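Descriptive analysis of the structure
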Amino acid sequence: MTTPPTNRQRFLDQPIDFAPLPAQAFPVWHAELAAGDDAALLDFCRAARTAGRWLVTLWTSVDGGSHRPAAAPLLPDPADAANTATPQSAALHVALDLAEGLVWLMLPLPALSGATFPDLAPIFPSAARLQRAAFDLTGVGPASGDSRPWLRHANWPADWFPLAPDTLAAPAPRFATHTEDYAFVRVEGEGVHEIPVGPIHAGVIEPGHFRFSVVGELVLRLEERLGWKHRGIAQRFARLSLAGTGATAAAKLAGRIAGDSTVAWAWAFCQAAEAIAAQVAPGGFAVPPRALLLRALLLERERVAAHLADLGALGNDAAFGFGLMEFLRLRENWLRTQADIFGHRLLMDGVVPGGVARDLTADDAARLRAECATLAGELLKLHAIYDDHAGLQDRLLTTGRVTPALAAQLGLIGLPGRASLQARDLRCRGDHAPWPALAPQMVVHPNGDVAARVLQRFAEIDESLRLIGRILDQLASTEGDCRALWPEHLPTAASGFGWVEGWRGDVFVALATGADGHIRRCHTHDPSWHNWPVLEHAVIGNIVADFPLINKSFNLSYAGVDS
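The protein is annotated in an unreviewed UniProt entry as Ni,Fe-hydrogenase III large subunit from Rhodocyclus tenuis.

**Examining the layout of surface pockets**
Estimates place the volume of the largest pocket at around 1,100 Å³. Taken together, 38 residues line the largest pocket, and the ones lying closest to its centre are Val204, Ile205, Glu206, Lys552 and Asn555. With seven residues, the top contributor of residues to the lining of the largest pocket is helix H8 (residues 289–317). Summarising the domain contributions, the lining of the largest pocket has at least three residues from each of domain 2 (193–228 + 526–546 + 554–563) and domain 3 (239–523 + 547–553). In this structure, the second largest pocket is lined by 34 residues; those nearest its centre are Ser61, Asp63, Ala512, Arg520 and Arg521. Mapped by element, the contributors of at least two residues to the lining of the second largest pocket are strand E3 (54–63), strand E4 (89–98), strand E5 (101–109), helix H4 (165–168), strand E13 (494–501), strand E14 (506–513) and strand E15 (519–525). Among the elements that make up the lining of the second largest pocket, the one with the highest residue count is E3 (five residues). Of the residues assigned to the lining of the second largest pocket, the class counts are 20 nonpolar, 10 polar and four charged. When residues are assigned to domains, the lining of the second largest pocket turns out to be shared by domain 1 (19–69 + 87–152) and domain 3 (239–523 + 547–553), each giving three or more.

**Digging into the packing of aromatic side chains**
On inspection of all chains with the given rule, the structure shows 23 aromatic pairs. Aromatic side chains phenylalanine 26 and tryptophan 499 sit 5.6 Å apart centroid to centroid with 55° between the ring planes, which places their arrangement in the tilted category. With phenylalanine 26 in the loop between strand E1 (19–20) and strand E2 (28–32) and tryptophan 499 in strand E13, this residue pair connects regions lying 473 residues apart in the sequence. In terms of burial, phenylalanine 26 and tryptophan 499 fall into one category: buried. Site record: aromatic cluster; members linked through ring pairs are Phe210, Phe212, Trp532, Phe547 and Tyr558. One cation-aromatic arrangement involves arginine 211 over phenylalanine 184; the distance from NZ or CZ to the ring centre is 4.0 Å.

**Comments concerning the UniProt feature "domain: NADH-quinone oxidoreductase subunit D" (unreviewed entry) in the protein**
The residues that UniProt annotates with the feature "domain: NADH-quinone oxidoreductase subunit D" (unreviewed entry) are residues 325–477. In residues 325–477, helix accounts for 62% and strand for 3%; the two terminal C-alpha atoms are 39 Å from one another.

**Digging into the pairing of E3**
Summarising burial for E3: nine of the 10 residues are buried, a large majority. Relative to E4, E3 is paired through nine bridges, and the arrangement is antiparallel. Opposite threonine 60, over in E4, you have leucine 92 as the bridge partner.

**Here's the deal with helix H17 (residues 547–554)**
For H17, the buried fraction is high: six of the eight residues fall into the buried class. Looking only at H17, the buried set comprises Phe547, Leu549, Ile550, Asn551, Ser553 and Phe554. Positive backbone phi, approximately 45°, marks asparagine 555, located one or two places after H17.

Conventions we followed
- Residues take numbers from 1 onward in each chain, read along the sequence in its written order.
- In keeping with the predicted nature of the model, local features appear solely for residues at pLDDT of at least 70, side-chain atom pairs appear and are counted solely at 80 or more, and the whole-chain, interface and lining totals rest on all residues.
- Side-chain numbers here rest on the full set of heavy atoms in the structure, without hydrogens or water.
- The definitions used throughout rest on a 1 Å grid laid over the protein atoms alone, on which a cavity is an enclosed set of points accommodating a 1.4 Å probe that cannot get out and a pocket is an open set flanked by protein within 12 Å on both sides along at least five of seven lines; lining residues are those having an atom within 4 Å of a point.
- Grid points are joined across faces, edges and corners, and a volume is the space filled by probe spheres set on the points.
- Note on conventions: DSSP H or I runs of at least 4 residues are helices, E runs of at least 2 residues are strands, and numbering of each starts at the N terminus.
- Delimitation of the domains relies on an automatic or database domain assignment.
- The nonpolar class holds Ala, Val, Leu, Ile, Met, Phe, Trp, Tyr, Cys and Pro. Asp, Glu, Lys and Arg form the charged class, and all remaining residues, Gly among them, are polar.
- Put simply, two rings from Phe, Tyr or Trp (the six-membered ring, in Trp's case) pair if the centres are within 6.5 Å, and we call them stacked under 30 degrees between planes, edge-to-face over 60, tilted for the rest.
- Throughout this description, buried means an accessible area under 20% of the type-specific maximum (1.4 Å probe, protein chains only), exposed means over 50%, and partly exposed covers the range between.
- Here, a charge over a ring is recorded when the distance from Lys NZ or Arg CZ to the ring centre is within 6 Å and its angle to the ring normal is within 35 degrees.
- UniProt positions are given in the numbering used here, feature names are shortened, and annotations may be inferred rather than shown by experiment.
- Paired strands, in this sense, are two strands between which DSSP finds at least two bridges.

Structure below.
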């Protein structure tokens, strides 16, 4: 095997030379494959899977020209020249989590109508839905595998693609909505029947459809259908700029991809934007150390708030209303403190390009310490009550189990993954500030059932409270600004990445700008992309009545996936 050039590196014994991407918040390695070199991409992905590494996400991009697949002409006349016009360039982008950092592989695709890329779902099962969404948005999809629409829902024509260059260059049209006949997988046999649930549910919750195939009360198969929360976020990003005040507007949009993870999303976007500013802004750019600590404080408070809500809801779904009331009380007190100190109950717009919107006073820090101590004492009592309640434990134990082997096979990540012995937490990698100095401790559980996911939440709240204490200690000795002045001009094109361990798992942002700072592409990825398919497996063999409990124990995002 030949030696890679200086400043380049090879991974997993594969003959691909990766170059480090400069100025990123964490290690990022990039390689562009030869056009059409599907074999190299597949070999590398197989090697990553064999090594026990993870697919982070994939997306497609189309730059320049008109893009209309020949099989799906937009105009009535198939002989019209616009139907056969081809993109100047198209590419598949694959992000993988390796021990050395984030690896970004780009596979240029032939500039032909109907350009396709190799199907990665046989290697990484969660890639299937990502590939379907990629086609819905750009018209570039996998050469084989599941070709059903994922985001489109017949709300726009099959030959119109929101992220195609000619679409972005024109005003957004309005289309009539049509009823869709979606091809659910049918399960047949004696006594088998279907139970359709949603997308509208008996509560103020997000829309999603669940198609159960059951015999008696036992679930044989579940198939999900999402996409009703699609808001065109990627298209909206492509109409914004990172230069000057445009960056603030873009960060606000990122913070609203999923409101219960607003800190994680805003931080990931700002990481990507700040990496671009550090590369191309005149004089460079750096986020103050105090700002990074304050961001970590906001992130851990967001984590605690989410887990408190889930612990109450899980008690309620098992007919333990006392748990719901107690945890809602604790969460409400937590949110009111956030509104008083940080200006928003959910901490929206607290993370801004260059830092944070508000600093923390010594009096505020003392209040946060006292609140953490009070909450820790309350949690000890409630944890004991949950553990000792026989009726509650009867509902939680062995329900919705995902074994560690199945979790590894399907790529389960985040909190549900750690509850199935998948030791993965970006905060514990030790490769980017402020986490090495805070020394977060990872908690995992081997059982993988609803009970394990409840225990995981208790443990992660405890760890977040400990981290908040360490953050406050370091803030007391870290002076300086909490926000750097954002540059007015970003003169050259660049790419940046953001990757943050939110309370559900890692949220990811890939950002590319043009020569004037205009956003060319912003791909956002929620951890629920990987975990929704696992929920379909977790419910098999359980009774239908336990589905709400299993579903809540995962508590996956509709908005984050559908964005």
